[in-house]
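Results of the structural survey
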Amino acid sequence: MKIHIISVVPELLESPFSHSIMKRAAEKGLLQVTVHQLRKWAVNEYGMVDDYQFGGGAGMVMMCEPLINAIEELNAEHKFDEIIYLTPDGEKFHQGIANTLSLKNSILFICGHYKGIDQRVRDHFITKEISIGDYVLSGGELAAAVIVDAVGRLIPGVLNDETSALFDSFQDNLLAPPVYTRPEDFRGWKVPPVLLSGDHKKISEWRHEQSLARTQEKRPDLLNKD
Ligand code: ADE
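Everything numeric here is computed off the predicted structure, so don't read it as measured data. (Residues numbered from 1 in each chain as written. Predicted model: local features only at pLDDT ≥ 70, side-chain atom pairs only at ≥ 80, totals over all residues. Heavy atoms only, no water.)

1. Considering the overall build of the protein chain
To keep it simple, the criterion reads: Secondary structure counts use DSSP, requiring at least four H or I residues in a row for a helix and at least two E residues in a row for a strand, with both numbered from the N terminus. Only heavy atoms matter for contacts: two residues are in contact if any of them lie within 4.5 Å across the pair. Working definition of accessibility: Shrake-Rupley area with a 1.4 Å probe, residue cover restricted to the visible protein chains. In this count, Lys and Arg are taken as positive residues and Asp and Glu as negative ones, while His and the chain termini are left out. Each charge is placed at NZ for Lys, CZ for Arg, CG for Asp and CD for Glu.
A count of helical and extended segments in the protein chain gives seven helices and nine strands. Along the first, second and third principal axes, the C-alpha set of the protein chain runs to 70 × 40 × 35 Å. For the protein chain, long-range pairs separated by at least 24 residues make up 76% of all intrachain contacts whose partners lie at least 6 apart in sequence. Put simply, the protein chain shows about 13400 Å² of open surface, and 52% of that area lies on carbon and sulfur atoms. Seen as two clouds, the 24 positive and the 32 negative side-chain charges of the protein chain have centres 7 Å apart.

2. Observations concerning the site of the ligand
Short version of the rule: Only heavy atoms are used to decide nearness, and a residue is near a molecule or strand if one of them lies within 4 Å of it. The definition of a polar contact used here is a pair of N or O atoms within 3.5 Å, where within protein one atom must be able to donate a hydrogen and the other to accept one, and adjacent residues in sequence count solely through side-chain atom pairs.
Around the ligand sit Leu 86, Thr 87, Pro 88, Ile 130, Ser 131, Ile 132, Gly 133, Tyr 135, Val 136, Leu 137, Gly 139 and Ala 143, and those are all the residues in its vicinity. With respect to the ligand, the backbone of Thr 87 contributes an N or O atom lying 3.2 Å from a nitrogen atom. Contacts to the ligand include Gly 133, whose backbone N or O atom sits 3.1 Å from a nitrogen atom. Expressed as a share of its isolated accessible area of 260 Å², the protein-covered part of the ligand is 97%.

3. With respect to the domain arrangement of the protein chain
Put simply, the rule reads: These domain limits were set by an automatic method or by a database of domain assignments.
When the domains of the protein chain are assigned, the result is domain 1 (2-152) and domain 2 (169-224). The straight-line distance from the C-alpha centre of domain 1 to that of domain 2 is 37 Å.

4. Describing the side chain of Gln 95
Our working rule: Working definition: with a 1.4 Å probe on protein chains only, accessible area under 20% of the residue-type maximum means buried, over 50% means exposed, and in between means partly exposed.
Looking at the secondary structure, you find Gln 95 in helix α3 (residues 95-101). Gln 95 sits in the buried class, given a relative accessible area of 17%. Once residues within four sequence positions are removed from consideration, Gln 95 is found in contact with Leu 154, Ser 169, Phe 170 and Gln 171.

5. Observations concerning the sheet that holds strand β7 (residues 128-131)
Stated formally: Two strands qualify as a pair provided that DSSP identifies no fewer than 2 bridges between them. Axes, fitted as lines to C-alpha atoms, cover a helix only where it is in contact. Angles between the N-to-C directions of the axes lie from 0 to 180 degrees.
The sheet built from five strands is open, its strands ordered β2-β1-β6-β5-β7 with parallel pairing. In this open sheet, the two edge strands, each paired with only one partner strand, are β2 (32-37) and β7. Adjacent strand axes in the sheet meet at a mean angle of 30 degrees, parallel and antiparallel pairs treated alike. In this sheet, β2 lies alongside strand β1 (residues 2-7) in parallel orientation, the contact comprising six bridges. Pairing of Ile 5 across the sheet is with Val 35, part of β2.

6. So, the state of the cysteines
Put simply, the test is: When two cysteine sulfur atoms lie within 2.5 Å, the pair is treated as a disulfide.
A full pass over the atoms with the stated rule returns zero disulfides. As a non-bridged cysteine, Cys 64 has Cys 111 as the owner of its nearest cysteine sulfur, 18 Å distant. The exposure class of Cys 111 is buried, given its relative accessible area of 1%.

7. Focus on the nonpolar core
Under the convention used in this document: In this description, a nonpolar core means a group of buried Ala, Val, Leu, Ile, Met, Phe, Trp, Tyr and Cys residues linked to one another through side-chain atoms lying within 4.5 Å.
Core analysis: the biggest nonpolar cluster contains 30 residues, and Ile 5, Leu 31, Leu 86, Leu 101, Phe 109, Ile 130 and Ile 147 have the highest contact counts within it. Top contributing element to this core by residue count: helix α5 (residues 141-152), with seven residues. Once residues within four sequence positions are removed from consideration, Ile 5 is found in contact with Leu 13, Phe 17, Val 33, Thr 34, Val 35, His 36, Leu 108, Phe 109, Cys 111, Ala 144 and Val 148. Among the nonpolar cores identified, the runner-up in size contains 20 residues, and Cys 64, Leu 67, Tyr 85 and Leu 108 belong to it.

8. Notes on α5
Side chains of residues three or four places apart in an α-helix project in the same direction, reflecting 3.6 residues per turn. Test applied: Take the residue count of a helix, subtract one, and multiply by 1.5 Å to get its expected span.
Here α5 spans 16 Å end to end across 12 residues, near enough to the 16 Å set by a 1.5 Å rise per residue. In terms of burial, α5 is largely enclosed, as nine of its 12 residues are buried. Every buried residue of α5 is listed here: Glu 141, Ala 143, Ala 144, Ala 145, Ile 147, Val 148, Ala 150, Val 151 and Gly 152.

9. Re the environment of Lys 128
With respect to the secondary-structure elements, Lys 128 resides in strand β7. Take Lys 128: its relative accessible area is 21%, and that puts it in the partly exposed class. Spatially, the C-alpha atom of Lys 128 lies 6.5 Å from that of Tyr 85, the residues being 43 residues apart in sequence. Other than its neighbours up to four places away in sequence, Lys 128 contacts Glu 82, Ile 83, Ile 84, Tyr 85, Glu 91 and Leu 101.

This is the structure:
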């Protein structure tokens, strides 16, 4: 999968994809992330990409021209399946969206700043608008990092144990069950005996029960979703 990101602060995205699973995905050639500095398409030599909003009001708006020139140039080359704008008024991100996006070949993310981007870019170029939660970040970069991480680990072959993503929290609207590792007894706090029983059927039933109980307790809203 090829992911391109347009940002005015590309430095914010230097680290998130350079470690751990995202790094491995890149090394295996399964995920390629390219970050573009929007100022490359600035309207003047001072790197201008934003301007005052019509109608007045505090805060700058990211201009059509640099964004559209950037989008058109990159899209001509890469033919994106989705052009996604990160914004607090987008659809709230969830595992289902991550699953869908993990099947795409190429995605372009647009990171907003200031008061956001000129509405005409949204109207004519953006195919999907996503929020990572009901709070306002200073820009879309951290949201892009969250989404790329959630999507990247779902690309077939990225995780060592192919099955492990299937048992993540949220894959079937259930939270994941508790997990334990050695030692069996730490300060008298013991691992549930069923996990040491070697009986795989029992273990699987126990995990499902725990998932249900945990979801009921912490996120009952998930149990009523289809
Ligand atoms: N940009 C600013 N806040 C955001 C949010 N909550 N989700 C996605 N992009 C954003």
